[in-house]
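The chain contents come next:
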Amino acid sequence: MELLFSYGNPIFWIGLLLAAFLAGCEFYLNDMSVPLARYQKFTFTKHPDMQKICRALYVVNVLLALFAEVGNYWQNESFSCLNYFINLMVVLLIYFVVCYSFVICLLWVVSALWRMLRLFVAAVVCIAKDTVEWINAE
């Protein structure tokens, strides 16, 4: 666990949690049934206050990425513009591709499992009701 948390500085981990929160807001508040050509990031028509908050947090997240350091290799290297640029691209890749897609996929799976559980419970209740009616029939 120590190896995992030493992978990046605290700014990196704060930004990662912020990216996960933004992905959750995107999943629950944005209209996901819109075609991909008309999709707009952080457009919550029913929640305008949350839309402003998420857009501000997105800007904060991008600013945090400027100061995040990730990986052991980058901590041991001397500072150069190329190393800084590569580190920044790795951080942005982790935030907005890996973390974002992982959270969205995880929430889709949880949502599907929740629906399947509700369907299973409804089926059990229906079968139990029919069985009780069959037993009580004359």
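Quick summary incoming for the structure in this document. (Residues numbered from 1 in each chain as written. Predicted model: local features only at pLDDT ≥ 70, side-chain atom pairs only at ≥ 80, totals over all residues. Heavy atoms only, no water.)

How two helices sit against one another is set out by the angle between their axes and by the gap between those axes. Look at helix α2 (residues 10-29) against helix α5 (residues 81-136): their axes get within 9 Å of each other, and the N-to-C directions meet at 40 degrees. As summarised for this structure, α2 and α5 are arranged oblique, according to the angle between their axes. For α2 against α5, the interelement crossing comes out right-handed. When α2 is examined against α5, the residues Ile11, Phe12, Gly15, Leu16, Ala19, Ala20, Leu22, Ala23, Gly24, Glu26, Phe27 and Tyr28 are found in contact with a partner set consisting of Val91, Ile94, Tyr95, Cys99, Tyr100, Val103, Ile104, Leu107, Trp108 and Ser111. Partitioned by chemical class, the residues of the contact of α2 with α5 number 18 nonpolar, 3 polar and 1 charged. (Axes fitted to C-alpha atoms, helices over the stretch in contact; angles between N-to-C directions. Helix = DSSP H or I, 4+ residues; strand = E, 2+ residues; numbered from the N terminus. Parallel < 35°, antiparallel > 145°, perpendicular 65-115°, else oblique. Left-handed = near helix turned anticlockwise from the far one by under 90°. Contact = heavy atoms within 4.5 Å. Nonpolar A, V, L, I, M, F, W, Y, C, P; charged D, E, K, R; others polar.)

With that settled, the discussion passes to α5. For α5, built from 56 residues, the straight-helix expectation of 82 Å at 1.5 Å per residue is met to within 8% by its first-to-last C-alpha distance of 81 Å. In α5, a bend of some 30 degrees at isoleucine 94 exceeds every other bend along the element. (Expected span 1.5 Å × (residues − 1). Bend = angle between axes of the 7 residues up to and from the residue.)

In this model, the largest pocket occupies a volume close to 260 Å³. If you go around the largest pocket, you meet 13 residues; those closest to its centre are Leu29, Asn30, Asp31, Thr43 and Thr45. Looking at the lining of the largest pocket residue by residue, the classes come out as 5 nonpolar, 5 polar and 3 charged. (1 Å grid on protein atoms, 1.4 Å probe; cavity = no way out; pocket = protein on both sides within 12 Å on 5 of 7 lines; lining within 4 Å. Points joined across faces, edges and corners; volume = space filled by probe spheres on them.)

This paragraph deals with the environment of cysteine 105. Relative to the elements of secondary structure, cysteine 105 occurs in helix α5. For the pair formed by cysteine 105 and phenylalanine 27, sequence separation is 78 residues and the distance between their alpha carbons is 9.6 Å.

What follows covers helix α3 (residues 48-67). In a regular helix each residue adds 1.5 Å, so 20 residues correspond to 28 Å; α3 covers 30 Å between its end C-alpha atoms and thus fits that length. All of the buried residues along α3 are Gln51, Cys54, Asn61 and Ala65. Within α3, the buried residues cover an arc of 75 degrees as seen down the axis, which keeps them to one side. Opposite its buried face, α3 presents the exposed residues Asp49, Lys52 and Phe67, each directed more than 90 degrees away. Check the buried side of α3 and you find it contacts α2 and α5. (Buried < 20%, exposed > 50% of the residue type's maximum accessible area, 1.4 Å probe, protein only. Arc of directions from axis to C-beta.)

Scanning the entire structure with this criterion turns up 8 aromatic pairs. Ring centres of phenylalanine 42 and phenylalanine 44 lie 6.3 Å apart, and the angle between their planes is 90 degrees; this geometry places the pair in the edge-to-face category. The pair formed by phenylalanine 42 and phenylalanine 44 is uniform in burial state, with each residue classed as buried. By way of ring pairs, the aromatic residues Phe12, Trp13, Phe42, Phe44, Tyr58, Tyr95 and Phe96 are connected into one cluster. (Phe/Tyr/Trp six-rings, centres within 6.5 Å; stacked < 30°, edge-to-face > 60°.)

Judged by nonpolar contacts, the single largest core of 23 residues is most densely connected at Phe12, Phe42, Cys54, Val91 and Tyr95. If you list the elements that add at least two residues to this core, you get α2, α3 and α5. Among the elements that make up this core, the one with the highest residue count is α5 (10 residues). If near-sequence neighbours (up to four positions away) are discounted, tyrosine 95 is found in contact with Ile11, Phe12, Gly15, Leu16, Ala19, Asn61, Ala65, Ala68 and Tyr100. (Core = buried A, V, L, I, M, F, W, Y, C linked by side-chain atoms within 4.5 Å.)

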